[in-house]
2 protein chains.
Amino acid sequence: MSETPLGFVLFEVARLYRARTERAFEQAGLGITSGEARTLVYVNQHPGLRQTALAEKMNVEPMTLVASLDRLEAHDLVRREPDPSDRRAKLVNLTPSAAPLMARITAVAAEARAETLQGLSDDQVAAFRATLEHLRANLVRCARAPEDA
Amino acid sequence: MSETPLGFVLFEVARLYRARTERAFEQAGLGITSGEARTLVYVNQHPGLRQTALAEKMNVEPMTLVASLDRLEAHDLVRREPDPSDRRAKLVNLTPSAAPLMARITAVAAEARAETLQGLSDDQVAAFRATLEHLRANLVRCARAPEDA
DNA sequence: GCTTATAGTAAGAAAGACTTAATATGTCCG
DNA sequence: CGGACATATTAAGTCTTTCTTACTATAAGC
């Protein structure tokens, strides 16, 4: 009986953590999914970006982001305005009504995180994050560089 | 600009890693998804379990597993036989034709893993795995213990 | 024997993510 | 300046994973 490949463990933990987060969001009555929350977080971190630029920051296809933004816009949480320097483009920002929700999202997510990370030291958490970020950098690099070298 | 919540980083890394794995599987012409590969790995690790027991090992609902097994059975990679001790149940095993595919899955997954983990020491990888397993244990515990305490 | 629980099958829905295609706009080069 | 190529967004569609609800046959417990 061999060890479960690391990738499958990672996928499983991500799935379980996500389910935990969704439950927390639902119980708190936030009215959004973790995917939508993630979009809000990124718009907040990078206000006024074009949709395509934001999608690149988030490592998803623009279409994927747009669907998420559509739902958030419908909830008056983000607004999309024409880019004055390029009539093809739109700039994405949070609306004022997003601020209180962001605070709640942060608090609820912190709850789920605390439960998930229970028993780990701050150093262990920091190392874990650093590793994740390292993996992400590797994965982003290989996703953007076709293997024709 | 605040730090991206750990959960979102984790979800993103899992997604990117999964996409990387799917690409590798497709390029190798394996004909199965990473989800199906995961099921094969678990059947291999736990031969002859009932579907419900296997689903529990995998932390998914039985229905989810059954859908996966349906596809794998259609490809003659697993077989389900009635449990002689309980006529409601079925026992799941790999078929002989799964063995060569398992070897290929393992090799291809190792490729994706090597690329993803590039730059990390063996100790770092081991610590990462240990942390993932710790998180999984926490998440499994809270998923199975309702918060009415 | 009746009630409750369990295992598996069937049907349906949601979320997230991607691909293809079309249109309007922008850039570059001859 | 015009044509070829590239880009941003919208529209439509597909796939995978995962879950929930419901039903039937079987098993367990009292």
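Before going into details, it helps to say that this report is about the structure given with it. (Residues numbered from 1 in each chain as written. Chains lettered and ligands numbered in written order. Predicted model: local features only at pLDDT ≥ 70, side-chain atom pairs only at ≥ 80, totals over all residues. Heavy atoms only, no water.)

### Re the packing of aromatic side chains
For any pair of aromatic rings, the description rests on two quantities: the centre-to-centre distance and the angle between the ring planes.
So, step 1. Taken as a whole, this structure holds five aromatic pairs over all chains when the rule is applied.
So, step 2. Taking 6.1 Å as the distance between ring centres and 70 degrees as the angle between the ring planes, the aromatic pair formed by Phe8(A) and Phe11(A) counts as edge-to-face. Of this pair, Phe8(A) and Phe11(A) both sit in helix 1 (residues 6–27), separated by three residues, roughly a single helical turn. Of the two residues, Phe8(A) and Phe11(A), neither departs from the other in class, the shared state being buried.
So, step 3. Summarising the aromatic geometry, the rings of Phe11(A) and Tyr17(B) are spaced 5.6 Å apart at their centres and angled 75 degrees between planes, so their arrangement reads as edge-to-face. Placement of Phe11(A) in helix 1 and of Tyr17(B) in helix 1 (residues 6–27) is noted, with the two residues assigned to different chains.
So, step 4. Here Tyr17(B) falls in the buried class, since its relative accessible area comes to 3%.
So, step 5. Through a chain of ring-to-ring contacts, the aromatic side chains of Phe8(A), Phe11(A) and Tyr17(B) assemble into a single cluster. (Phe/Tyr/Trp six-rings, centres within 6.5 Å; stacked < 30°, edge-to-face > 60°. Helix = DSSP H or I, 4+ residues; strand = E, 2+ residues; numbered from the N terminus. Buried < 20%, exposed > 50% of the residue type's maximum accessible area, 1.4 Å probe, protein only.)

### A short note on helix 2 (residues 34–45) of chain B
Side chains three or four residues apart in an α-helix point the same way, a direct result of the helix having 3.6 residues per turn.
Residue and element names in this part refer to chain B.
So, step 1. Across its 12 residues, helix 2 extends 16 Å between first and last C-alpha, which sits within 8% of the 16 Å expected from 1.5 Å per residue.
So, step 2. Among the 12 residues in helix 2, 10 count as buried, and that is most of the element.
So, step 3. All of the buried residues in helix 2 are Ser34, Glu36, Ala37, Arg38, Thr39, Leu40, Val41, Tyr42, Val43 and Gln45. (Expected span 1.5 Å × (residues − 1).)

### Description of the sheet that holds strand 1 (residues 49–50) of chain A
Residues and elements named next belong to chain A.
So, step 1. In spatial order, the strands read 1-3-2; together these three strands make up an open sheet with antiparallel pairing. Sheet topology places strand 1 and strand 2 (78–83) at the edges, where each strand pairs with a single neighbour.
So, step 2. Pairing analysis gives two bridges linking strand 1 to strand 3 (residues 86–94), with the strands arranged antiparallel. Residue pairing for strand 3: arginine 50 is matched across the bridge by leucine 91. (Pairing = 2+ DSSP bridges.)

### Structural notes on the protein's contact with DNA strand D
So, step 1. Taken together, 19 residues lie around DNA strand D, and Arg88(A), Lys90(A), Thr33(B), Thr64(B) and Arg87(B) are the ones closest in.
So, step 2. At a separation of 2.9 Å, a phosphate oxygen of DNA strand D approaches a polar side-chain atom of Arg15(A).
So, step 3. Residue Arg71(B) places a side-chain N or O atom 3.1 Å away from a phosphate oxygen belonging to DNA strand D.
So, step 4. Mapped by element, the contributors of at least two residues to the surface near DNA strand D are helix 3 (51–58) and strand 3 of chain A together with helix 4 (62–74) and strand 3 (86–94) of chain B.
So, step 5. Of the residues contributing to the surface near DNA strand D, the split by class is four nonpolar, five polar and 10 charged. (Near = heavy atom within 4 Å. Polar contact = N/O pair within 3.5 Å; in protein donor to acceptor, adjacent residues only side chain to side chain. Nonpolar A, V, L, I, M, F, W, Y, C, P; charged D, E, K, R; others polar.)

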